[in-house]
Amino acid sequence: MKKKWWHDKVAYQIYPKSFLDTNGDGIGDLKGIISKLDYLKNLGIDIIWLSPIYQSPFVDQGYDISDYYKIAEEFGTMEEFDELLAETKKRGMYVLMDLVVNHCSDKHEWFQKALEDPYGKYAGYFHFVKGKDGKEPSNYRSYFGGSAWEPVPGTDLYYLHMFAKEQPDLNWENPELRKEIYKMINWWMDKGLAGFRIDAIINIKKDLSFPSFEPDGPDGLASCVKMVEEVQGVGEYLEDIKKNTFAKYDAFTVAEVFNMKDDELAEFIGDDGHFSTMFDFSAHVLAQGENGWYNSRKLSFIEWRDTVFASQKRMQSIGFPANIIENHDEPRGASRFLPEHAQNEEGKKMLATTSVLLYGIPFIYQGQEIGMTNCRRNDISEYDDISTKDQYQEALAAGCSREQALECCYENSRDNARTPMQWSRGKGAGFSDGTPWIALNPNYEQINVEEQESRPDSVLSYYKKLLALKKSPAYKEIFTYGKFVPAYEDQDGIFAFYRISEDEKEKILVTANYGKEACTLRLESRTGKILLSNTGAEDARDNEIRREGTITLESCETAVILLG
Ligand code: TEU
Ligand code: CA
């Protein structure tokens, strides 16, 4: 594998609206991000991914862009953005923007012009398609529910929107559209970005015959994902994008890819792949319900662990994955992946260890470093997210009670990750002096940065140690390029793996006990030494290793051991 500048880095996702508000309007802003760069640097972060900060009506929280060249006024100004770039550079940090080009906002000038002249140039930027027998061109259900087709007023045409109707899909078949997008990407790269996180990119390829599929729900529609899964040829677009933009800058690109064809991994993230890396969503996808949140699955520990292992093994022979436990679309990792008895600080440290030290580049989502959790709401009206509202209705339609539907939202809602960052136990959690745009998670009084900064055994302090270990001159190489090999797979509650140096001379064992009972693992030798642990009992453990050649892990205990 070709070595790249970003391989040994740690990335952090900021959801700007919920990060830090500096002017009291309840909405996080660029100034807030700038003021926390030292906090992030100190945590051990190198690369910052900003969820969209472009001008937007915020129907889908900025993933509906109405001007690709403007900063949303809610977030600040272009001058402030330039300042953010300059301040990150000063600290040796990098910035990724979010590239959302499968669709734009219906308020984008292109779409407005397309509506004015439905047979003109700008209609060709979108998928304006004639209806069939006075009905939609096909039976697609959008990701956010309902038909993926919306009538174009005054015509017999419909436009395609795989997400909300306010997010019309762009027509990548059109060379003029592609040129516009490339120009925009290069304009941002020229400003000094390190690259992009690339949104929903596999969706850009459409089957222009728009075939209908066998209905897969009570609404008589079929998920638009079917078309994405069946259509061939997205790779040609992805190569074209790369050639005309990223390749010229040696940009770092991390793609959000679902529904990729199995044999395409090398084309996507191999040495000369379309992207630098892509997120490993294998565990997240596994938990997804076939028909929606109401039949999502609670993963067993073993199922989750084995999925991560399988994915690691597959990825490492091909490319370099981006590892997450949560993001702005997913519930909090601590609530989802930790068994009930481990939903505490020690459990969170254990989860941190077994995700950050995997093979790949870790992306930490804001608040993960203090162990923020899902947030219970008492009524659907307390949710903001467009997808949550839809999934709630779907759950009711499928026969769930109100309580059951709310429970689905508690477990799956995208708003779980979007509650404001918990900086302190003060007013507004230190996030805002005003009224936050979305209600705080009431647990901010217990879980917040200020409290954890003052405590050496906090989750936050542990993250700092963990990231420092991963990046330390002595072990950076092995944690970056060391081979991933699963360990103690026959132990029910154990999540353990080796990282083995390329010359096989050095070996590190990462262990964690997700089980309820203590567990003793026999090590290969008596010469191991603990590099990091979440107990205060390193000395006792080192002694046990020397004396017995074993390590005993209490429930929720994690240890990183240098063998040999
Ligand atoms: O997500 C793409 C996507 O397909 C899903 O994660 C989607 O959010 C989920 O199925 C709905 O519950 C990306 C962004 O990450 C997401 O925030 C946007 O809403 C979406 O694209 C549209 O831009
Ligand atoms: Ca603000």
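Scroll up to find the structure.
Read on for an overview of the structure.

Another aspect to go through is the coordination of the calcium ion (ligand 2). The calcium ion (ligand 2) binds to the protein through D21 (OD), N23 (OD1), D25 (OD), I27 (O) and D29 (OD), with metal-donor distances spanning 2.3 Å. Along the chain, the residues donating to the calcium ion (ligand 2) fall in the pattern D-x1-N-x1-D-x1-I-x1-D. For I27, a relative accessible area of 15% translates into the label buried.

By size, the foremost hydrophobic cluster in this structure holds 162 residues, and its most contacted members are F81, F196 and F363. Once residues within four sequence positions are removed from consideration, F363 is found in contact with A11, W49, L96, F252, V254, F279, A322, N323, I324 and Q368. If you look at the next biggest cluster of nonpolar residues, it comprises 17 residues, including A487, I545, I551 and L563.

This brings us to the pairing of strand β5 (residues 94-99). Of all six residues in β5, five are buried; the element is thus mostly enclosed. Of the pairings in the sheet, the one linking strand β2 (residues 47-50) to β5 comprises three bridges and is parallel in character. For W49, the partnering residue across the bridge sits in β5 and is L96. By the bridge criterion, four bridges tie β5 to strand β10 (residues 195-198) in an arrangement that is parallel. Note that in β10 the partner of L96 across the bridge is G195.

Among the 16 residues in the neighbourhood of ligand 1, the closest are listed as D60, H103, D199, D329 and R414. The contact in question runs from an oxygen atom of ligand 1 to an N or O atom on the side chain of D199, over 2.9 Å. Surface burial for ligand 1 is 90%, taken as the share of its 490 Å² of free accessible area covered by protein chains.

Now for the sheet that holds strand β15 (residues 361-365). If you walk across this open sheet you meet the eight strands as β13-β12-β10-β5-β2-β1-β15-β14, and the pairing is parallel. Because the sheet does not close on itself, it has two edges, and the strands there are β13 (277-278) and β14 (322-323).

Turning our attention to the pattern of salt bridges. Tallied over the full model, the rule gives 48 salt bridges. The partner of E80 in a salt bridge is K31, with the nearest N and O atoms 3.8 Å apart. Here E80 is found in helix α3 (residues 78-90), whereas its partner K31 is found in helix α1 (residues 30-35), with 49 residues between them in sequence. By relative accessible area, which is 47% here, K31 ends up partly exposed. Between E176 and K121 there is a salt bridge, with its nearest N and O atoms 3.5 Å apart. Of the two residues, E176 sits in helix α5 (residues 175-191) while K121 sits in the loop between α4 (109-116) and β6 (128-130), which places them 55 residues apart along the sequence. Taking the relative accessible area as the measure of exposure, E176 reaches 41% and is therefore partly exposed. With a relative accessible area of 45%, K121 lands in the partly exposed category.

Within the secondary structure, R499 sits in strand β17 (residues 494-500). The side chain of R499 sits in the buried core without any salt bridge; E502 is the nearest counter-charge, 9.5 Å away. At 2.7 Å, the side chain of R499 forms a polar contact with the backbone oxygen of G482.

The alternating pattern of strand β19 (residues 519-522) places C519 and L521 on a buried face, while none of T520 and R522, on the opposite face, is buried. As paired strands, β19 and strand β21 (residues 550-553) are joined by four bridges and run antiparallel to one another. Following the sheet pairing, L521 is matched in β21 by I551.

The next thing to look at is the packing of aromatic side chains. Inspection of every chain in the model, using the stated rule, returns 47 aromatic pairs. Judged by centre distance (5.1 Å) and plane angle (75°), the rings of Y39 and W423 are edge-to-face. Residue Y39 is found in helix α2 (residues 37-43), and its partner W423 is found in the loop between α14 (402-412) and α15 (449-453); the two are separated by 384 residues along the sequence. For the pair shown, Y39 and W423 are each scored as buried. In this structure, K17 is placed above the aromatic ring of W437, and the distance from its NZ or CZ to the ring centre is 4.2 Å. The aromatic ring of Y498 is capped on one face by K507, whose charged end is 4.6 Å from the ring centroid.

You will see that Y488, though not glycine, has its phi angle at about 50°, which is positive. Mapped onto the fold, Y488 is located in the loop between β16 (483-487) and β17. What makes Y488 buried here is its relative accessible area of 17%. Here C556, not a glycine, exhibits a phi torsion of approximately 70°, which is positive. Along the chain, the position of C556 falls in the loop between β21 and β22 (558-563).

Calculation notes
- Residues numbered from 1 in each chain as written.
- Chains lettered and ligands numbered in written order.
- Predicted model: local features only at pLDDT ≥ 70, side-chain atom pairs only at ≥ 80, totals over all residues.
- Heavy atoms only, no water.
- Donors = N, O, S within 2.8 Å, 3.2 Å for Na, K, Ca; no water.
- Buried < 20%, exposed > 50% of the residue type's maximum accessible area, 1.4 Å probe, protein only.
- Core = buried A, V, L, I, M, F, W, Y, C linked by side-chain atoms within 4.5 Å.
- Contact = heavy atoms within 4.5 Å.
- Helix = DSSP H or I, 4+ residues; strand = E, 2+ residues; numbered from the N terminus.
- Pairing = 2+ DSSP bridges.
- Near = heavy atom within 4 Å.
- Polar contact = N/O pair within 3.5 Å; in protein donor to acceptor, adjacent residues only side chain to side chain.
- Areas by Shrake-Rupley, 256 points an atom, 1.4 Å probe, with all protein chains shown as cover.
- Salt bridge = Lys/Arg side-chain N within 4 Å of Asp/Glu carboxyl O.
- Lys, Arg positive; Asp, Glu negative; His and termini not counted.
- Phe/Tyr/Trp six-rings, centres within 6.5 Å; stacked < 30°, edge-to-face > 60°.
- Lys NZ or Arg CZ within 6 Å of the ring centre and 35° of its normal.

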